[in-house]
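Residue strings, one per chain:
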Amino acid sequence: MGKDKVYVVVVFGRTGMGISSLVNLIVGKEGAKCSREGRSCTKDTKAFRLDLDGRKIDVYDTPGFGGTDNKPSDNDIISKILRISKKHGIDLLINCLVPKDGIVPGHYNAVLSALRGQNREAPIAAVVTRLERVEGPMEGWWSEPSNNGGKMESKWNMVFAGHACVTTVPSDDIGWSQRRSESQKAVRALVLKFCH
Ligand SMILES: Nc1nc2c(ncn2[C@@H]2O[C@H](COP(=O)(O)OP(=O)(O)OP(=O)(O)O)[C@@H](O)[C@H]2O)c(=O)[nH]1
Ligand SMILES: [Mg+2]
């Protein structure tokens, strides 16, 4: 590993679920533009640099799948992710998921099969967001029998190389600052596992 290596992490998911917010949480800056509820916002892929533990990591924001208002089509989004893979190589994909409506096996499968088809498969981790209101530790969401992450695997064959359970609720929402910083710690630890 050269010391100038730049690791590449790509975050994807359904539109409006908090992809850009998750990128900002990981990078620790409000660099990526986030939407107001109900409007697709991110139009193109964009990298935000994180320096962590002596490593340079480019975290890519992507347009959400299923976007409205002149948003790239799902196929365009796949092409954009493939382009990043061909140009830079991808060390980790993060599927941004929200309980219920934000868990879409089709998005996971589309990304996985497109990369596989080009012999460019990369590990996919799950980050489950919007968990600020769960009782007990956010991580508990994953193993709670009624909604657990293992079920995603057995039900939809969504197999993840790792996961984190978080909230990316805005930092000015003071009620959740503790959970927000826990979330940043958890998701950065996940990222570092794949950047070495
Ligand atoms: N309560 C709560 N709201 C969140 C969370 N993450 C994101 N949001 C809100 O969800 C809305 C959409 O967030 P974005 O990060 O812009 O979502 P996106 O997936 O990038 O959306 P597009 O770029 O429009 O496809 C914003 O109003 C966020 O503040 C979370 O963990 N908890
Ligand atoms: Mg966005």
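Above this text is the structure in question.
Conventions used here
Residues numbered from 1 in each chain as written. Chains lettered and ligands numbered in written order. Predicted model: local features only at pLDDT ≥ 70, side-chain atom pairs only at ≥ 80, totals over all residues. Heavy atoms only, no water. Donors = N, O, S within 2.8 Å, 3.2 Å for Na, K, Ca; no water. Helix = DSSP H or I, 4+ residues; strand = E, 2+ residues; numbered from the N terminus. Buried < 20%, exposed > 50% of the residue type's maximum accessible area, 1.4 Å probe, protein only. Salt bridge = Lys/Arg side-chain N within 4 Å of Asp/Glu carboxyl O. Pairing = 2+ DSSP bridges. Axes fitted to C-alpha atoms, helices over the stretch in contact; angles between N-to-C directions. Contact = heavy atoms within 4.5 Å. Parallel < 35°, antiparallel > 145°, perpendicular 65-115°, else oblique. Left-handed = near helix turned anticlockwise from the far one by under 90°. Nonpolar A, V, L, I, M, F, W, Y, C, P; charged D, E, K, R; others polar.

Colleague: I'd like a rundown of the coordination of the magnesium ion (ligand 2), residues and numbers included.
Modeller: Taken together, the protein donors to the magnesium ion (ligand 2) comprise S20 (OG) and T42 (OG1), at separations of 2.0 Å. Of the two residues, S20 sits in helix α1 (residues 19-27) while T42 sits in the loop between α1 and β2 (46-52), which places them 22 residues apart along the sequence. As far as the burial class goes, S20 and T42 line up, both buried.

Colleague: Report on unusual backbone geometry, specifying residues and quantitative values.
Modeller: Note: most peptide bonds trans; most residues except glycine with negative phi. The phi dihedral of N119 falls on the positive side, at around 55°, and the residue is not glycine. Within the secondary structure, N119 sits in the loop between α3 (105-117) and β5 (124-128). For N119, a relative accessible area of 75% corresponds to the exposed category. One non-glycine residue, N157, lies in the positive phi region at around 60°. Its place among the elements puts N157 in the loop between α5 (149-156) and β6 (163-165).

Colleague: Requested: an account of the pattern of salt bridges, with residues and values cited.
Modeller: Counted according to the given criterion, the structure contains 5 salt bridges. For the salt bridge of D91 with K5, the shortest nitrogen-to-oxygen distance reads 3.7 Å. You can see D91 sitting in the loop between α2 (74-88) and β4 (92-97) and its partner K5 sitting in the segment before β1 (6-13), a full 86 residues away along the chain. A relative accessible area of 34% places K5 in the partly exposed class. Between D58 and R49 there is a salt bridge, with its nearest N and O atoms 2.7 Å apart. Judged by relative accessible area, which is 13%, D58 ranks as buried.

Colleague: Which residues make up the sheet that holds β1, and what values go with them?
Modeller: Strand pairing within a sheet occurs via backbone hydrogen bonds; the two strands may be parallel or antiparallel. Strand order in the open sheet formed by 6 strands is β2-β3-β1-β4-β5-β6, with mixed pairing between adjacent strands. Either end of the sheet is taken by a strand with one partner, and the two such strands are β2 and β6. For this sheet, the mean inter-axis angle between neighbouring strands, taken without regard to orientation, is 25°. In this structure, β4 lies alongside β5, joined through 5 bridges in parallel fashion. Across the sheet, the residue bridging to C96 is V127, located in β5. Across the sheet, α1 lies against β1, β2, β3 (55-61), β4 and β5, angled at about 165° from β3, the strand it touches most. Taken strand by strand, α2 contacts β1, β3 and β4, and its axis lies near 170° from that of β1.

Colleague: So what about the packing of α2 against α3? Which residues, and what values?
Modeller: Running from N to C, α2 and α3 cross one another at 45°; their axes reach a closest spacing of 10 Å. When the axes of α2 and α3 are compared, the pair comes out oblique. Taken as a pair, α2 and α3 cross one another with a handedness that is right-handed. Contacts from I78, I81, L82 and S85 of α2 reach α3 at A110, V111, A114 and L115. In terms of residue class, the contact of α2 with α3 is built from 7 nonpolar, 1 polar and no charged.

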